[in-house]
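# Structure assessment
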Amino acid sequence: MEPQQRSPLLEVKGNLELKRPLVKAPSRLPLPGSRFKRGLDQMEDVLEPEKKRTRGLGTATKFTSSHPRAPAITTVPQAQGQTTAPKVPKKTGPRCSTAVVTVLKNQKPGPAVPAQKPGTAAPPKLGGKKPSKRPAWDLKGQLCDLNAELKCCRERTQTLDQENQQLRVQLREAQQQATALGAERRTLEGELTRVRAQAEQGQQELGNLSARVLELEERLGTQEGLVQELQKEQLELQEERRELATRLEEQERRLQASEAALSGSQAEVASLRQEAAAQAALLAERGERLHGLEMERRRLHNQLQELKGNIRVFCRVRPVLPGEPTPPPGFLLFPSGPGGPSDPPTHLSLFRSDERRGTLSGVPAPPTRHDFSFDRVFPPGSGQDEVFEEIAMLVQSALDGYPVCIFAYGQTGSGKTFTMEGGPGGDPQVEGLIPRALRHLFSVAQELSGQGWTYSFVASYVEIYNETVRDLLAPGTRKGQGGECEIRRAGPGSEELTVTNARYIPVSCEKEVEALLHLARQNRAVARTAQNERSSRSHSVFQLQISGEHAGRGLQCGAPLNLVDLAGSERLDPGLALGPGERERLRETQAINSSLSTLGLVIMALSNKESHVPYRNSKLTYLLQNSLGGSAKMLMFVNISPLEENVSESLNSLRFASKVNQCVIGTAQANRK
């Protein structure tokens, strides 16, 4: 049996599905002449011994030379038990030979059978018994076998023709299907072109992936010779591409989520913008209100300071130092205020006993009581922070545009320098009014910057010694001895006074102020006196020029803050023997007392609203004249000693301070532009 072969139509369909070229099925039609030629050769081999035998007998069998040789006759299997009798071959004419050739031509060629040697039996064809081999001379039997085989071949030819017709019909259907598939293929190619265009647009959006792919393609182009490495790299790139595709999908999902979040955020931003606009309007309204409140605060603050008095006097009693005698009980009394012990003291009682006075009976006279009233009295236990708390609001007035002047007055050794500058060593607990005031100003200026105010501070520090002005901030070898400084107006028509040859240094922090104070302490004129080992023999004036500006509203304000440490106020003893050193101290004392007297006269003239105020009688009052007038606020600390031996000087200081406390200066006005 022939093996079952695949239908050509199925192969055509399979090839079209797999997009492979159409492969024709192997044809079942016989190859012309192949088996026939091979059969003639076999026939000649079979007939060859018979020819030899017939030659020997003298008889010859002739074949027509114009026809090809007949193939070897294939034996036809006989029925079981039947034997084939040898027959004498009959002589056939040309007609018989022609019939044989015709049969052989119409016979379907079979598989090539190898030629067999004479005398050997043919192999069984249909699986039955081996048929007996016909002798070569049995041409009739062989012809019968060929006829039977020709019949079978005709039947097979008819079957193959039918199958060929079916295959041609299937081929036409396959060709029609291929034509339809070609049209569909062209349609799909157009769709593929459009999809590729979309893919190119999508590739432009994939910036990072495209850059990576381009980089990999460039690398792939430069390494064409390394096929194995490229294959490995290609596998890696494919894996990476899958990872990138996965990441891309993840990024797309995240992008979608981000777009959704962005949509929500945009809506929220729109809402926030509306809210911000409302807040901006509200903020502008509150800014206007805050500015109005700030102006109202300044007005009320100034009104409060005026109610307290534009000239105020505080009395401060220093504590007893180690090594000094303890004063007798009841020497100094601090009566409570109207509110009781919780009310800050404002009165001071000093008891003085005079041994030279006596009664008629010889008994010593009782001590004399002297009562004084001030705006505030600080007992010996008061600290520096408590003292500054009372003047903090006054320092605030300087920032608001009102000139402020604070004096420390008293005899030598009463604690004036300690009150103004503080003690040595940099202990924050004993800092004086100058560093504390500047720290307060810097802090408040920083707070007001949020409201649009910008402040600048310029400091100077001079001393007036024997009616000579000297710069305490002179650097290098000058040490305050660099020559006399003159007080001049800043310009033609200007009311502002400046000191020539003096340094004006911008300051913005506490460390800069500490450096200035340290330099001033080294340059200040001091000497030993009968009252103090190291006494200040000059008036020191620390001036801070404050300038403020509100650019948004076009407002400006400026005012000076003057912190003055006056020299010791001692009376002259006429019976004192004068040596060379004492004469120098005498001249210093005379200059000090003269300037202090002029200060008292200026304050009295301002209080009495006199037409002429003697500012020029002293360098001190001339320098401070812009901070002593009706637009200024003044505070005087009268410092006294708690010792009984200094009672006379303490009384003189208290009496001078009481006169100043009784003076009233007109309403202050802010220095605004």
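These numbers come from a predicted model, not from an experiment.

### Quick word on the sheet that holds strand β3 (residues 347-352)
- Strand order in the open sheet formed by three strands is β2-β3-β4, and the pairing between neighbours is antiparallel. The open sheet terminates on both sides in strands that have one partner only, identified here as β2 (332-333) and β4 (368-373).
- For β3 and β4, the ladder comprises six bridges, and the chain directions are antiparallel. Looking at the pairing, H347 lines up with S373 of β4.
- Sheet strands in contact with helix α13 (residues 647-661) are β3 and β4, and its direction is about 145° off that of β3.

### As for unusual backbone geometry
- A positive phi angle is found at N466, which is not glycine, with a value near 50°.
- Structurally, N466 can be placed in the loop between β7 (453-465) and β8 (468-471).
- In the Ramachandran plot, K609 falls in the positive-phi region, its phi being about 55° despite a non-glycine side chain.
- Locating K609 in the fold gives a position in the loop between α11 (580-607) and α12 (619-623).
- In this structure K609 comes out as exposed when scored by relative accessible area, which is 63%.

### Some points on the nonpolar core
- Ranked by size, the top nonpolar core spans 51 residues in total, and within it C315, F374, F407, L628, M636, V638 and L654 carry the most contacts.
- Tallying contributions element by element places α11 first for this core, with seven residues.
- Contacts of F407, omitting those with residues within four sequence positions, involve V564, L566, L599, L624, L628, M634, L635, M636 and F637.

### As for the packing of helix α7 (residues 384-399) against helix α9 (residues 433-448)
- Close contact between α7 and α9 brings their axes to 9 Å; oriented N to C, the two are set at 50°. Between α7 and α9, the crossing angle belongs to the class labelled oblique. As for the relative orientation of α7 and α9, their crossing is right-handed in sense. In this structure, α7 uses Q384, D385, V387, F388, I391, A392, V395, Q396 and L399 to contact α9, whose residues at the interface are L433, R436, A437, H440, L441, V444, A445 and L448.
- Among the residues forming the contact of α7 with α9, the class breakdown is 12 nonpolar, three polar and two charged.

### Here we look at the packing of α9 against helix α10 (residues 510-523)
- Interaxial distance between α9 and α10 falls to 10 Å at its minimum, and their mutual angle equals 155°. It follows that α9 is roughly antiparallel to α10 by the angle criterion. Between α9 and α10 lies a crossing whose hand is right-handed. Where α9 abuts α10, its residues I434, P435, L438, R439 and F442 lie against E510, V513 and L517.
- Residue classes in the contact of α9 with α10 are distributed as six nonpolar, no polar and two charged.

### A word on the confidence of the model for the chain
- Averaged over the chain, the pLDDT score is 75; the fraction of residues at 70 or greater is 68%.
- The spread of mean pLDDT over the elements of the chain runs between helix α3 (residues 94-106), the lowest at 41, and strand β11 (residues 505-507), the highest at 93.
- Contacts for the low-pLDDT stretch residues 1-5, under 50 throughout, to residues beyond four places or in other chains number four contacts.
- Of the regions scoring below 50 in pLDDT, residues 46-130 engages in 117 contacts with residues more than four places distant in sequence or in other chains.

### Some words on the pairing of β7
- With 10 of its 13 residues buried, β7 lies for the most part within the structure.
- With 12 bridges joining them, β7 and strand β14 (residues 539-550) adopt antiparallel strand pairing. Among the inter-strand pairings, Y461 is bridged to a residue of β14, identified as F542.
- Across three bridges, β7 lies against β11 in antiparallel orientation. Looking across to β11, one finds that A459 is bridged to I505.
- Sheet topology places β7 next to β8; four bridges connect them, and they run antiparallel. Note on β8: the bridge partner recorded for E463 is R470.

### A short note on the pattern of salt bridges
- Considering all chains together, one arrives at 15 salt bridges under this definition.
- E324 is paired through a salt bridge with R318; the nearest N and O atoms lie 3.0 Å apart.
- For E390, the salt bridge is made with R376, and the minimal N-O distance between the two is 2.6 Å. With E390 in helix α7 and R376 in strand β5 (residues 376-378), this residue pair connects regions lying 14 residues apart in the sequence.
- For E390, a relative accessible area of 27% corresponds to the partly exposed category.
- Among the charged side chains, a salt-bridge network with shared partners connects R134, D138 and D145.

So, how was this worked out
Residues numbered from 1 in each chain as written. Predicted model: local features only at pLDDT ≥ 70, side-chain atom pairs only at ≥ 80, totals over all residues. Heavy atoms only, no water. Pairing = 2+ DSSP bridges. Helix = DSSP H or I, 4+ residues; strand = E, 2+ residues; numbered from the N terminus. Contact = heavy atoms within 4.5 Å. Axes fitted to C-alpha atoms, helices over the stretch in contact; angles between N-to-C directions. Buried < 20%, exposed > 50% of the residue type's maximum accessible area, 1.4 Å probe, protein only. Core = buried A, V, L, I, M, F, W, Y, C linked by side-chain atoms within 4.5 Å. Parallel < 35°, antiparallel > 145°, perpendicular 65-115°, else oblique. Left-handed = near helix turned anticlockwise from the far one by under 90°. Nonpolar A, V, L, I, M, F, W, Y, C, P; charged D, E, K, R; others polar. pLDDT = per-residue confidence, 0-100. Salt bridge = Lys/Arg side-chain N within 4 Å of Asp/Glu carboxyl O.

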